[in-house]
Amino acid sequence: MEEWDVDQAWREQYPDHAWLAPVSFSPDGQLLATAGATGIVRLWDLQGQKKKEWRAAKQGWIWSTSFSPDGQLLATVGYDGYVRLWNLQTLEGWEWKTSPYPLRSVSFSPDGQQLVTKGDEGIPRLWNLQGQPLTQLKGNDRKIISVSFSQDGQQFVTAGDDGIARLWNLQGQLLKELQGNDDSKITIVSFIRNGQQLATVEEDGTVRLWNLMTGQPLIEFPQKRRDIITNNERYITSDNFSPDGHSFNVNGS
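To keep things clear, this report deals only with the structure shown in the data block.

Rules behind the numbers
Residues numbered from 1 in each chain as written. Predicted model: local features only at pLDDT ≥ 70, side-chain atom pairs only at ≥ 80, totals over all residues. Heavy atoms only, no water. Helix = DSSP H or I, 4+ residues; strand = E, 2+ residues; numbered from the N terminus. Buried < 20%, exposed > 50% of the residue type's maximum accessible area, 1.4 Å probe, protein only. Contact = heavy atoms within 4.5 Å. Pairing = 2+ DSSP bridges. Salt bridge = Lys/Arg side-chain N within 4 Å of Asp/Glu carboxyl O. Phe/Tyr/Trp six-rings, centres within 6.5 Å; stacked < 30°, edge-to-face > 60°. Lys NZ or Arg CZ within 6 Å of the ring centre and 35° of its normal. Axes fitted to C-alpha atoms, helices over the stretch in contact; angles between N-to-C directions.

This next bit is on unusual backbone geometry. Of note, L91 is a non-glycine position whose phi angle comes to about 65°, a positive value. The topology assignment puts L91 in the loop between strand 7 (82-87) and strand 8 (93-97). Note on L91: relative accessible area 26%, which makes it partly exposed.

Attention shifts here to the side chain of T65. Note that T65 resides in strand 5 (residues 62-67). If sequence neighbours within four positions are ignored, T65 has contacts with P22, S24, A33, A35, L74, A75, T76 and V106.

Here we come to the pairing of strand 16 (residues 174-179). One face of the sheet, then the other: side chains in a regular strand alternate in exactly this way. Direction of pairing for strand 15 (residues 164-169) relative to strand 16: antiparallel, over a ladder of five bridges. Paired with L167 across the strands is K176, a residue of strand 16. From the end of strand 15 to the start of strand 16, which pair antiparallel, there are four residues, and G172 there has a positive phi angle of about 85°.

Taken as a whole, this structure holds 11 salt bridges when the rule is applied. Between R84 and D80 there is a salt bridge, with the nearest N and O atoms lying 3.0 Å from each other. Each member of the pair, R84 as well as D80, carries the same accessibility label: buried. Where K185 meets D161, a salt bridge forms, and the shortest distance between an N and an O atom there is 3.9 Å. Of this pair, K185 sits in the loop between strand 16 and strand 17 (186-192) while D161 sits in the loop between strand 14 (155-160) and strand 15, placing them 24 residues apart in sequence. Since its relative accessible area comes to 27%, K185 is described here as partly exposed.

Let's shift gears to the packing of aromatic side chains. In total, this model carries four aromatic pairs according to the counting rule given. Ring geometry for W61 and W63: centres 4.8 Å apart, planes at 85°, overall edge-to-face. With centroids separated by 5.6 Å and ring planes inclined at 50°, the aromatic side chains of F149 and F156 adopt a geometry described as tilted. A relative accessible area of 9% places F149 in the buried class. The ring of Y82 carries K58 above its face, with NZ or CZ at 6.0 Å from the centroid. Taking the ring centre of W63 as reference, the NZ or CZ of R104 above it sits at 4.0 Å.

So, on to the sheet that holds strand 16. The four strands lie next to each other as 13-14-15-16, forming an open sheet whose pairing is antiparallel. Each edge of the open sheet is held by one strand with a lone partner, namely strand 13 (144-149) and strand 16. In this sheet, neighbouring strand axes are inclined to one another by 20° on average, regardless of whether the strands run parallel or antiparallel.

This is how it looks when you write it as structure tokens:
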């Protein structure tokens, strides 16, 4: 398959768009969603052809997008603190206000019936698709950068400014804390190996694999690289693990 540089294609076609949010792939891998500073979402095929485009925010940036597991819905969040869900066939949507603060990330649960959001206030929240709050986590007022569901949808993990990955159940109970470097943010956190292990990527480029039973790191990979430039600083912003969890890569520009 021909490699397509999403960032380059975006800038060639829309040079006024100086900032691009992390890209989301559809569950079948055939579409990807881009968004950014203008509040516009675009769907692309893997040949770089634009399939759909619509305004998904009334004002400000879109920080994050997420496809539902069945590929029928797209969730968007951003600067205005709203969650918006879009029917990808009709582009009709519905929304609810979650926070007076910008929202940085949104993610569907594996069954597609719940969403977890996180933003600048540092409090992850769990919602149903009608916008009713299910869980609000306590015990951490630091900015949360990354949230990930376990494969069975029964737990999720948060991580961010304080270098700690926290494991929660759906009732909002804190189950475990995994301490990374005190002076380095965790920018990415993800379950691997059927939820038996956890991977974290820190701002300084360090990748760690954790044993969730013991809470101890299994192995550490110091990565002396920075891949995506944001606000004049460089961050690793995406990672990818093989299905068996035995290999990984850290992607960038």
